[in-house]
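Results of the structural survey
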Amino acid sequence: MIVYGTKVECDLPFPLQLPQESFHRYSCNLLAGPPDNLKKLITCGFPFYQAHGRHVYLYSDRIFDRSEGGQPWCYEVKDVVRFYWLGGERTIYYRLDKAGDARLLSFWFIHLVLPLYFTLEGMYDFLHAGAVEVEGRPLLFIAPSMGGKSTMTDYFIRQGHSLITDDKLATYIDNNRFMTVTSHPYHRPYRKFEELGYRVENFSTESKSIHGIYILAGCGPDEDILIEEVKGYMKFDTLLPNYLYMFSYLRAKRLAYLTSMLNSIRVFRVRVPWDKDRLAEVHAAITEHSKVTQ
């Protein structure tokens with residue numbers, strides 16, 4: 001299977017329909033049964049966050065001020081599954097706990113573990129964004145929590161636009177262009193715990209340069225739809241909170257990466273009326289705007 005531009009060989013079939021052949025930059029393995037010597041290297045950890053009704057913990061053998069080659073990692077979803085790996089290596093091990101099964105393993109691995117692993121390994125930079133293609137050009141949708149990003153992404157999908165990612169966009173630089181990485185062909189317009197959502201047939205399988213970033217800003221149901229360019233430091237202030245996993249040791253690199261991105265990609269704010277009956281107007285406004293924006 002191929003997810004986030006990575007060909008993953010797994011010893012357990014996933015109950016999902018995932019691409020078997022498409023663009024990929026990396027390869028890795030997902031195998032059951034972490035070696036005992038790897039587990040013994042884990043000596044410290046902390047509660048990472050709560051997600052999808054579960055307690056999540058992150059463990060290693062040192063203070064988390066950097067990620068180094070050979071550093072042991074463990075990501076635990078309490079009572080469900082634990083994932084282990086060594087920094088610099090391309091094999092991730094899993095151990096199912098009492099509440100774990102193939103469905104939950106696939107959800108946690110794809111939705112949360114891989115983005116963390118890719119970030120720690122320095123393989124991709126992730127933005128919290130939905131992304132679709134409009135006439136073959138990737139557009140990003142960014143919004144605060146409950147700000148309409150998933151609803152907008154869903155509407156564009158239903159109008160025939162290709163999905164790039166539902167929620168987490170992996171990016172990298174190629175010849176001074178900031179490239180998108182397709183995630184997986186599932187979309188969650190209405191959040192349910194531990195589900196990737198419905199499968200999207202029209203799913204992009206190519207890596208392409210980001211064409212534009214649209215920040216969704218809600219307005220009254222009867223107000224006009226307005227698209228205006230965001231410039232200067234406001235671009236930075238708007239995008240920085242949408243970085244995933246801003247570990248302290250990554251801060252300097254992330255700030256430089258984001259600064260370079262925003263110097264080459266235009267950012268626009270879209271006033272979106274809080275009225276689902278007007279989504280067609282918003283769709284038309286963004287698609288027309290993107291055609292004349294270079």
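Anyway, here's the lowdown on the structure attached to this text. (Residues numbered from 1 in each chain as written. Predicted model: local features only at pLDDT ≥ 70, side-chain atom pairs only at ≥ 80, totals over all residues. Heavy atoms only, no water.)

1. Points about the environment of Gly 160
- Counting through the fold element by element, Gly 160 comes out in the loop between helix H3 (149-158) and strand E12 (163-165).
- Along the primary structure Gly 160 and Leu 112 are separated by 48 residues, whereas in three dimensions their C-alpha atoms are 27 Å apart. (Helix = DSSP H or I, 4+ residues; strand = E, 2+ residues; numbered from the N terminus.)

2. Considerations on the pairing of strand E7 (residues 81-86)
- Burial analysis of E7 places five of its six residues in the buried class, the great majority of the element.
- Where strand E6 (residues 72-77) folds back on E7, the antiparallel hairpin that results is connected by three residues, among which Asp 79 adopts a positive phi of roughly 75°.
- Pairing geometry for E7 and strand E8 (residues 91-96), over four bridges, is antiparallel. In the strand pairing of E8, Val 81 is matched with Leu 96. (Buried < 20%, exposed > 50% of the residue type's maximum accessible area, 1.4 Å probe, protein only. Pairing = 2+ DSSP bridges.)

3. Let's talk about the pairing of strand E11 (residues 137-142)
- The buried count for E11 comes to five of six residues, which makes it a mostly enclosed element.
- What sits between the antiparallel neighbours strand E10 (residues 130-134) and E11 is a turn of two residues, in which Glu 135 has the positive phi angle 55°.

4. Focus: the sheet that holds strand E13 (residues 168-174)
- Read across the open sheet, the three strands follow the order E9-E13-E14; overall the sheet is antiparallel. A single partner strand is all that each edge strand has here, and the edge strands are strand E9 (125-128) and strand E14 (177-181). Averaged over all adjacent pairs, the angle separating strand axes in this sheet is 40°, with direction ignored.
- Pairing analysis gives five bridges linking E13 to E14, with the strands arranged antiparallel. (Axes fitted to C-alpha atoms, helices over the stretch in contact; angles between N-to-C directions.)

5. Observations regarding unusual backbone geometry
- The backbone phi angle of Asn 176 is positive, close to 65°, even though this residue is not glycine.
- With respect to the secondary-structure elements, Asn 176 resides in the loop between E13 and E14.
- What makes Asn 176 exposed here is its relative accessible area of 72%.
- The backbone phi angle of Glu 194 is positive, close to 55°, even though this residue is not glycine.
- By the secondary structure assignment, Glu 194 is in the loop between strand E15 (186-187) and strand E16 (198-199).

6. A short note on the layout of surface pockets
- In this structure, the largest pocket occupies an estimated 760 Å³ of space.
- Along the walls of the largest pocket sit 33 residues, with Ser 145, Met 146, Lys 149, Ser 150 and Arg 191 positioned nearest its centre.
- A total of four residues in the lining of the largest pocket trace back to one element, the largest contributor, which is H3.
- When the residues that make up the lining of the largest pocket are grouped by side-chain class, the tally is 17 nonpolar, nine polar and seven charged.
- Considering only enclosed or pocket space, the second largest pocket measures out at about 210 Å³ in volume.
- Along its surface, the second largest pocket is lined by 13 residues, and Ser 209, Ile 210, His 211, Ser 264 and Ile 265 are the ones closest to its centre.
- Put simply, the parts of the chain that give the lining of the second largest pocket at least two residues each are E11 and E14. (1 Å grid on protein atoms, 1.4 Å probe; cavity = no way out; pocket = protein on both sides within 12 Å on 5 of 7 lines; lining within 4 Å. Points joined across faces, edges and corners; volume = space filled by probe spheres on them. Nonpolar A, V, L, I, M, F, W, Y, C, P; charged D, E, K, R; others polar.)

7. What to know about the packing of H3 against helix H6 (residues 279-292)
- At a closest axis distance of 11 Å, the pairing of H3 and H6 adopts a crossing angle of 80°. Viewed along their axes, H3 and H6 adopt a mutual orientation that is roughly perpendicular. Contacts between H3 and H6 involve Thr 151, Met 152, Tyr 155 and Phe 156 on the former and, on the latter, Leu 279, Ala 280, Val 282, His 283, Ile 286 and Thr 287.
- Looking at the contact of H3 with H6 residue by residue, the class counts come to seven nonpolar, three polar and no charged. (Parallel < 35°, antiparallel > 145°, perpendicular 65-115°, else oblique. Contact = heavy atoms within 4.5 Å.)

8. Details of the nonpolar core
- With 48 residues, the main nonpolar core has Tyr 75, Phe 83, Trp 85, Trp 108, Phe 109 and Leu 116 as its most contacted residues.
- A total of 13 residues in this core trace back to one element, the largest contributor, which is helix H2 (residues 102-120).
- Ranked by size, the runner-up nonpolar core spans 20 residues in total, among them Leu 140, Ile 164, Phe 178 and Ile 215. (Core = buried A, V, L, I, M, F, W, Y, C linked by side-chain atoms within 4.5 Å.)

9. Structural notes on the side chain of His 283
- Position of His 283 among the secondary structure elements: in helix H6.
- His 283 sits in the buried class, given a relative accessible area of 15%.
- One polar contact links His 283 to His 161, side chain to side chain, over a distance of 2.8 Å.
- Aside from chain neighbours lying at most four places away, what touches His 283 is Tyr 155, Phe 156, Gln 159 and His 161. (Polar contact = N/O pair within 3.5 Å; in protein donor to acceptor, adjacent residues only side chain to side chain.)

10. Re the packing of aromatic side chains
- With the rule as written, the count across this model stands at 24 aromatic pairs.
- Judged by centre distance (5.6 Å) and plane angle (90°), the ring pair of Phe 107 and Trp 108 falls under edge-to-face. In this structure, Phe 107 and Trp 108 share a single accessibility class: buried.
- Where Tyr 245 meets Phe 247, the ring centres are 6.4 Å apart and the plane angle is 15°; that geometry is what we call stacked. Phe 247 carries the same exposure label as Tyr 245, and that label is buried.
- Members of the aromatic cluster, connected to one another through ring pairs, are Phe 14, Phe 46, Phe 48, Tyr 49, Tyr 75, Phe 83, Phe 109, Tyr 245, Phe 247 and Tyr 249. (Phe/Tyr/Trp six-rings, centres within 6.5 Å; stacked < 30°, edge-to-face > 60°.)

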